[in-house]
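Single-letter residue listing:
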Amino acid sequence: MADMRRDLSAFRVSEARPRGAERCFKGLAKLAQLNIELAPSTNEKRENSNSHVVDFVEVTIPRYSTYQFKSHFRMFPEAFDVLQAWIEPHLPQERGFSNRTKLLATLWLLANKETFRSVADRFAMNKGSLHRCVMMICRTLVANQGEVIQWPERDALEKLAEKWQQKAGMPGVVGALDGTYIPILGTSGPRRESYICRKGFPAMHLQVVCDSSLKFLYVQTGNVGSVHDSLCLQDMRSVPPFRITRRTTATSVSPSW
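In this text, all values refer to a predicted model and were calculated from it rather than measured experimentally.

Caption draft 1: Summary view of the packing of aromatic side chains. In this structure the tally under the stated criterion is eight aromatic pairs. Judged by centre distance (6.1 Å) and plane angle (80°), the rings of Tyr67 and Phe76 are edge-to-face. Judged by its relative accessible area of 63%, Tyr67 is exposed. On the basis of relative accessibility, which here comes to 32%, the residue Phe76 falls in the partly exposed class. With 6.3 Å between their ring centres and 85° between their planes, Tyr181 and Phe201 make a pair best called edge-to-face. In this pair, Tyr181 sits in strand β1 (residues 176–183) while Phe201 sits in the loop between β1 and β2 (203–210), placing the two residues 20 residues apart along the sequence. Looking at Tyr181, the relative accessible area reads 15%, which means it is buried.

Caption draft 2: Structural view of the layout of surface pockets. By volume, the largest pocket amounts to about 1,200 Å³. Leu141, Gln145, Ile149, Phe216 and Val219 are, among the 28 residues lining the largest pocket, the residues nearest its centre. Here the lining of the largest pocket gets five residues from one element, more than from any other, and that element is helix α6 (residues 99–111). Tallied by class, the residues present in the lining of the largest pocket amount to 22 nonpolar, four polar and two charged.

Caption draft 3: A look at the pattern of salt bridges. One pass over the structure, following the stated rule, counts three salt bridges. For Glu94, the salt bridge goes to Arg132, with nearest N and O atoms at 2.5 Å. With Glu94 in the loop between α5 (77–87) and α6 and Arg132 in helix α8 (residues 127–143), this pair connects stretches of sequence that are 38 residues apart. We classify Glu94 as partly exposed; its relative accessible area is 31%. Residue Arg132 is classed as partly exposed on the basis of its relative accessible area, which comes to 45%. In this structure, Glu114 and Arg122 form a salt bridge, with 3.6 Å as the shortest nitrogen-oxygen distance. Taking the relative accessible area as the measure of exposure, Glu114 reaches 26% and is therefore partly exposed. Among the residues examined, Arg122 registers a relative accessible area of 24% and is labelled partly exposed. Overlapping salt bridges, with partners in common, bring together Glu94, Lys102 and Arg132 in one network.

Caption draft 4: Up close: the sheet that holds β1. Spatially, three strands are ordered β1-β2-β3 in an open sheet, and the strand pairing comes out antiparallel. Of all the strands in the sheet, the pair left with one neighbour each is β1 and β3 (216–224). Neighbour-to-neighbour, the strand axes of the sheet open up by a mean angle of 20°, direction not taken into account. Bridge analysis of β1 against β2 gives eight bridges, and the strand direction is antiparallel. Its bridge partner lying in β2, Pro183 is registered against Ala203.

Caption draft 5: Up close: α5. Here α5 has its buried residues at Phe80, Leu83, Gln84 and Ile87. Buried residues of α5 fall within an arc of 100° about the axis and therefore sit on the same side. Away from its buried face by more than 90 degrees, α5 exposes Glu78, Val82 and Ala85. Contacts made by the buried residues of α5 are with α4 (66–73), α6 and α8.

Caption draft 6: Fine view of a negative patch on the surface. A cluster of acidic residues, Glu153, Asp155, Glu158 and Glu162, forms a negative patch at the surface. Along the chain, Asp155 falls in helix α9 (residues 154–168).

Caption draft 7: Just the packing of α5 against α8, in detail. The N-to-C vectors of α5 and α8 enclose an angle of 80°; their axes lie 11 Å apart at closest approach. When the interaxial angle is binned, α5 and α8 end up roughly perpendicular. For the pair α5 and α8, contact is made by Leu83, Trp86 and Ile87 and by Ile137, Thr140 and Leu141, respectively. Residues belonging to the contact of α5 with α8 are distributed by class as follows: five nonpolar, one polar and no charged.

Caption draft 8: Fine view of the nonpolar core. Counting 26 residues, the largest nonpolar core has Ile61, Phe69, Phe73, Leu104 and Phe123 as its most contacted members. Only α3 (56–60), α4, α5, α6, α7 (116–122) and α8 provide two or more residues apiece to this core. At six residues, the largest contribution of residues to this core is made by α6. Sequence-distant contacts of Phe123, defined by excluding residues within four places in its chain, comprise Phe56, Val57, Ile61, Phe97, Thr101, Leu104, Ala105 and Trp108. With ten residues, the next largest nonpolar core counts Leu157, Val174, Leu233 and Met236 among its residues.

Definitions and cut-offs
- Residues numbered from 1 in each chain as written.
- Predicted model: local features only at pLDDT ≥ 70, side-chain atom pairs only at ≥ 80, totals over all residues.
- Heavy atoms only, no water.
- Phe/Tyr/Trp six-rings, centres within 6.5 Å; stacked < 30°, edge-to-face > 60°.
- Buried < 20%, exposed > 50% of the residue type's maximum accessible area, 1.4 Å probe, protein only.
- Helix = DSSP H or I, 4+ residues; strand = E, 2+ residues; numbered from the N terminus.
- 1 Å grid on protein atoms, 1.4 Å probe; cavity = no way out; pocket = protein on both sides within 12 Å on 5 of 7 lines; lining within 4 Å.
- Points joined across faces, edges and corners; volume = space filled by probe spheres on them.
- Nonpolar A, V, L, I, M, F, W, Y, C, P; charged D, E, K, R; others polar.
- Salt bridge = Lys/Arg side-chain N within 4 Å of Asp/Glu carboxyl O.
- Pairing = 2+ DSSP bridges.
- Axes fitted to C-alpha atoms, helices over the stretch in contact; angles between N-to-C directions.
- Arc of directions from axis to C-beta.
- Contact = heavy atoms within 4.5 Å.
- Patch = residues over 30% accessible without salt bridge, like charges linked within 9 Å, V, L, I, M, F, W, Y side chains within 5 Å.
- Areas by Shrake-Rupley, 256 points an atom, 1.4 Å probe, with all protein chains shown as cover.
- Lys, Arg positive; Asp, Glu negative; His and termini not counted.
- Charge placed at Lys NZ, Arg CZ, Asp CG, Glu CD.
- Parallel < 35°, antiparallel > 145°, perpendicular 65-115°, else oblique.
- Core = buried A, V, L, I, M, F, W, Y, C linked by side-chain atoms within 4.5 Å.

Now the structure itself:
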């Protein structure tokens, strides 16, 4: 009698499984059909693709206060106007977006942790156009950085030393040297460990010298995160204003004047 009950229960379970699967497949088919019916048409997709934030550059940004502008773009409006006036002669003449829009969109993307999709929507672009603008602005800045980041001439160095002495009481100083890490996306492969810095994330070195007003006089980057600071310091020997006499001490770097 017990064997018959086990056989009967096994039969009921095996019979219920196909029925349950069939009901599941029918439910999925109904959902798929509903999704097809509710999917937008081609014309609706084209209309929706042109829907962006309206007049963000022309109306919203001019309403920002000075500190709102700085919080979003990491610079004051006056500094942005100077940057725009300097970079515009270096940009190609194109139809479409204005140079101001391209520069604002690039700065917003670089200064905030937002995706290409959200920034493109904010500045009424598509993702491809935003990517092209960002790459063009960044390449232009790198190609012409020598016009702005320059080591001063001998006469200017003496004035910089006077300013440092007035500010910090240290004679004979023309600049402050320091470095930091630029976080990057991790790479895979046998060289991955080379990019891991001492703080535990993939990065590249940035080394700068600035004057008493925090203006950059020298910038060097490119070394991977695991490289020691002393080796980054040695790279300065290729720069004419400096000479290296020792390998590991910061005091070994001295201006050639």
